[in-house]
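# Structure assessment
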Amino acid sequence: LVPANYIKQARQARQARESLLKTLLAQRRLPEHGWDEPTLKLALAELAALDSNTFVGNAGVGEREGRVICPLVAARHFGLAHGIGRSGDIA
């Protein structure tokens, strides 16, 4: 469906963005130059994918498992969610 040269270019663009994220995680500091929006979205999507709430086939049932019913809200927050826990008895 797509010519090989386009696939190669897309792969190189993605690898360049992934390289920025790897550098950020390795150096543990913000980059000197800001990232463009597609790079930021990719980074947030990759970080959200590390959350056990989003693992394929996983159904978290802990009291702090984040649950988002509305896909619009999930997209707005890039798939990042955290549930609300409690300590002790509710009286």
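Everything that follows concerns the structure shown earlier in this document.
What counts and what doesn't
- Position numbers for residues count from 1 along each chain, tracking the sequence in the order it is written.
- Given that the model is predicted, a residue must reach a pLDDT of at least 70 before its local features are reported, and side-chain atom pairs must reach 80 or more before they are shown or counted; all residues, however, enter totals for whole chains, interfaces and linings.
- Only heavy atoms go into the side-chain values, all of them from the structure, while hydrogens and water stay out.
- Numbering goes from the N terminus for both helices and strands, where a helix is a DSSP run of H or I of at least four residues and a strand is a run of E of at least two.
- To sort residues, take the accessible area from a 1.4 Å probe on protein chains only and compare it with the maximum for the residue type: under 20% means buried, over 50% means exposed, and anything in between is partly exposed.
- By definition, residues are in contact when any of their heavy atoms lie within 4.5 Å.
- With residues, only the protein chains shown are counted as cover, and all accessible areas are computed by Shrake-Rupley using a 1.4 Å probe.
- Here the expected span of a helix is defined as 1.5 Å times the quantity of residues minus one.
- Throughout this description, a polar contact denotes any pair of N or O atoms lying within 3.5 Å of each other; where both atoms belong to protein, one of them has to be capable of donating a hydrogen while the other can accept it, and for residues adjacent in sequence the pair is counted only when both atoms sit in side chains.

Attention now moves to the overall build of the protein. Per the secondary structure count, the protein includes 3 helices and 0 strands. Listing every helix and strand of the protein by position from the N terminus yields α-α-α. When each of the 91 residues of the protein is scored for burial, the buried share is 10%. Within the protein, contacts between residues at least 6 apart in sequence are counted, and of these 33% link residues at least 24 apart. Here the protein displays about 7,900 Å² of accessible surface, and carbon together with sulfur accounts for 59% of that area.

This brings us to helix 1 (residues 4-27). Residues spaced three or four apart along an α-helix point in a common direction, a consequence of the helix completing one turn every 3.6 residues. With 24 residues, helix 1 ought to run about 34 Å at 1.5 Å a step, and its terminal C-alpha atoms sit 34 Å apart, in line with that. Downstream of helix 1 by a residue or two, Arg-28 has a phi angle that is positive, lying close to 55°.

As a further point, take the side chain of Thr-39. As for its position among the elements, Thr-39 is in helix 2 (residues 37-49). Within the structure, Thr-39 has its side chain in polar contact with the side chain of Arg-17 (distance 2.9 Å).

Turning our attention to the environment of Leu-21. Within the secondary structure, Leu-21 is located in helix 1. Relative accessible area serves as the criterion here: at 11%, Leu-21 is assigned to the buried category. A sequence separation of 23 residues divides Leu-21 from Leu-44, and the C-alpha atoms of the two residues are 9.7 Å apart. Filtering out sequence-adjacent residues up to four positions away, Leu-21 remains in contact with Trp-35, Ala-43 and Glu-46.

No statement about biological role is implied by the geometric values presented.
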